[in-house]
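Survey of secondary and tertiary structure
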Amino acid sequence: MSVAYKDYYEILGVSKAATEQEIKSAYRKLAKKYHPDVNKTPGAERKYKDVNEAYEVLHDPEKRQKYDALGPNWEAAQQSGGFQGFDGFPGGVHMEFGDGGGFSEFFQTIFGTMGGSARGFSASDLFGGRGRAARGEDSEVRITLSLADVMAAPLKRNMTLNGAAGPRTIEVNLPRGIREGSRLKLRGQGTPGRGGGENGDLYVVVHIETDSRFEISGYDLVTAVTVAPWDAVLGGTVSVPSPEGALKVKVPAGSQPGTRLRLHGKGLPMRGGSLRGDLYATIGISVPQNVSSRERELWEQIRALHA
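Residues numbered from 1 in each chain as written. Predicted model: local features only at pLDDT ≥ 70, side-chain atom pairs only at ≥ 80, totals over all residues. Heavy atoms only, no water.

It is worth spelling out the environment of Ser25 at this point. Mapped onto the fold, Ser25 is located in helix 2 (residues 20-34). It is 10.0 Å that separates the C-alpha atoms of Ser25 and Val14, two residues lying eleven residues apart in sequence. (Helix = DSSP H or I, 4+ residues; strand = E, 2+ residues; numbered from the N terminus.)

Before going further, it helps to spend a moment on the side chain of Lys63. Within the secondary structure, Lys63 sits in helix 4 (residues 61-70). Setting aside its immediate chain neighbours within four residues, Lys63 contacts Glu56, Val57, Phe107 and Phe111. (Contact = heavy atoms within 4.5 Å.)

Strand order in the open sheet formed by three strands is 1-5-4, and the pairing between neighbours is mixed. Looking at which strands have only one partner, the edges of the open sheet turn out to be strand 1 (139-145) and strand 4 (183-186). Ignoring strand direction, the axes of neighbouring strands in this sheet form an average angle of 30°. With seven bridges joining them, strand 1 and strand 5 (residues 202-208) adopt parallel strand pairing. Each bridged residue has a counterpart across the sheet, and for Thr144 the counterpart in strand 5 is His207. (Pairing = 2+ DSSP bridges. Axes fitted to C-alpha atoms, helices over the stretch in contact; angles between N-to-C directions.)

Let us now look at the environment of Glu244. Checked against the element boundaries, Glu244 lands in the loop between strand 8 (236-240) and strand 9 (247-251). With 93 residues separating them along the chain, Glu244 and Met151 place their C-alpha atoms 8.7 Å apart. Among all residues touching Glu244, those that are not within four sequence positions of it are Met151 and Arg276. A polar atom in the side chain of Glu244 sits 3.1 Å from the side chain of Arg276. (Polar contact = N/O pair within 3.5 Å; in protein donor to acceptor, adjacent residues only side chain to side chain.)

Turning to the environment of Arg213, a few remarks are in order. With respect to the helices and strands, Arg213 occurs in the loop between strand 5 and strand 6 (215-217). On the basis of relative accessible area, Arg213 is assigned to the partly exposed category, the value being 39%. Residues Arg213 and Ser242 lie 29 residues apart in sequence; the distance between their C-alpha atoms is 8.5 Å. Leaving out residues up to four positions away in the same chain, Arg213 has contacts with Val222, Thr223, Pro241 and Ser242. (Buried < 20%, exposed > 50% of the residue type's maximum accessible area, 1.4 Å probe, protein only.)

This part covers the layout of surface pockets. Taken as a whole, the second largest pocket encloses approximately 170 Å³ of empty space. If you go around the second largest pocket, the residues you meet are Pro229, Trp230, Val233, Leu234, Glu295, Leu298, Trp299 and Ile302. Where the lining of the second largest pocket is concerned, the elements lending two or more residues are helix 8 (229-234) and helix 9 (293-305). Here the lining of the second largest pocket is composed, by residue class, of seven nonpolar, no polar and one charged. (1 Å grid on protein atoms, 1.4 Å probe; cavity = no way out; pocket = protein on both sides within 12 Å on 5 of 7 lines; lining within 4 Å. Points joined across faces, edges and corners; volume = space filled by probe spheres on them. Nonpolar A, V, L, I, M, F, W, Y, C, P; charged D, E, K, R; others polar.)

Before going further, it helps to examine the sheet that holds strand 7 (residues 220-227). In space, the four strands of this open sheet follow the order 6-7-11-10, with mixed pairing throughout. The sheet is open, and its two edges are formed by strand 6 and strand 10 (260-263), each paired on a single side. Each strand of the sheet is rotated relative to its neighbour by a mean of 30°, with strand direction disregarded. Two elements, strand 10 and strand 11 (residues 279-285), share four bridges in a ladder whose sense is antiparallel. Bridged to Arg260 within strand 11 is Thr282.

This brings us to the nonpolar core. One finds Val172, Val204, Val238 and Val240 to be the most contacted residues of the largest nonpolar core, which totals 35 residues. Among the elements that make up this core, the one with the highest residue count is strand 5 (four residues). Apart from the residues within four sequence positions on either side, Val204 is in contact with Val141, Ile143, Met159, Val172, Ser182, Arg183, Leu184 and Leu186. One finds Val3, Tyr9, Leu12 and Ile23 within the second-largest nonpolar core, a separate group that totals 26 residues. (Core = buried A, V, L, I, M, F, W, Y, C linked by side-chain atoms within 4.5 Å.)

Now for the packing of aromatic side chains. Going through the model one piece at a time under the given rule, you end up with seven aromatic pairs. Summarising the aromatic geometry, the rings of Tyr8 and Tyr67 are spaced 4.8 Å apart at their centres and angled 40° between planes, so their arrangement reads as tilted. Of this pair, Tyr8 sits in helix 1 (residues 8-12) while Tyr67 sits in helix 4; the two residues are 59 residues apart in sequence, bridging distant segments of the chain. Of the two residues examined, Tyr8 and Tyr67, each falls in the buried class. Between Tyr8 and Phe106, the aromatic rings sit 5.8 Å apart at their centres with planes inclined by 55°, giving tilted as the arrangement. Residue Tyr8 is found in helix 1, and its partner Phe106 is found in helix 5 (residues 105-111); the two are separated by 98 residues along the sequence. With respect to class, Tyr8 is no different from Phe106; both count as buried. (Phe/Tyr/Trp six-rings, centres within 6.5 Å; stacked < 30°, edge-to-face > 60°.)

This is the structure we're talking about:
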């Protein structure tokens, strides 16, 4: 049965002359777009796998060279079993496929599985040379922190990663000034190198858990408070939530719905020193729903004054 060809350049949206940096940039953009943690639309997970597979081939010089050499007419190489008879590549290769590590049948047919159960084509199979040392791939994982964790940084957290050699636990140093989307580099903690090459790096991407009290904007926090109509008109005080506990804040007389009260230095910690972002409290007016006859009389008097 014929195996469908995959155009990895088209999947990443790059040209066949794309540089390593262009390939990496396109991969990061698409991987972020289709990551299952952030994109729940139908088909996103499949696209995410295709993007990862395309990057697996195109960022690796040896795999890219093999892929380019075979080209779209690669099916001709399937005649008489394996790749026998394909111009320029003597002999066939026997492969026993396992689960393929999540890669497509097309990928497995050319390169074998990633888990070691398939032999695939090596550099010497296709080009007659010896394999050379190659640096391991960079990897990326996500760590989820609470707002309290961010406020308490610097701190340490342990993460358990599942790899080909089984689970391993690493310690992550979380510096002061981390925020949503921060990327921490752990040198040498990525995919092991091949042929004696150095390990890749591991990038830990920070995600901050949603806190229903706050909206995070960079290092600033935004929250909502409600005040009574008379406090909005005459001025008063309001209790404003903060990561470190409630704060009493003055409400200026004549405050309108949507007015923002700024609490300087009550936001998230910044890098270095003791600087912090700000906390903004957006005012909403709490309108009484059930009023006594006396209260209604007074409200009517106020309305009459402004008629």
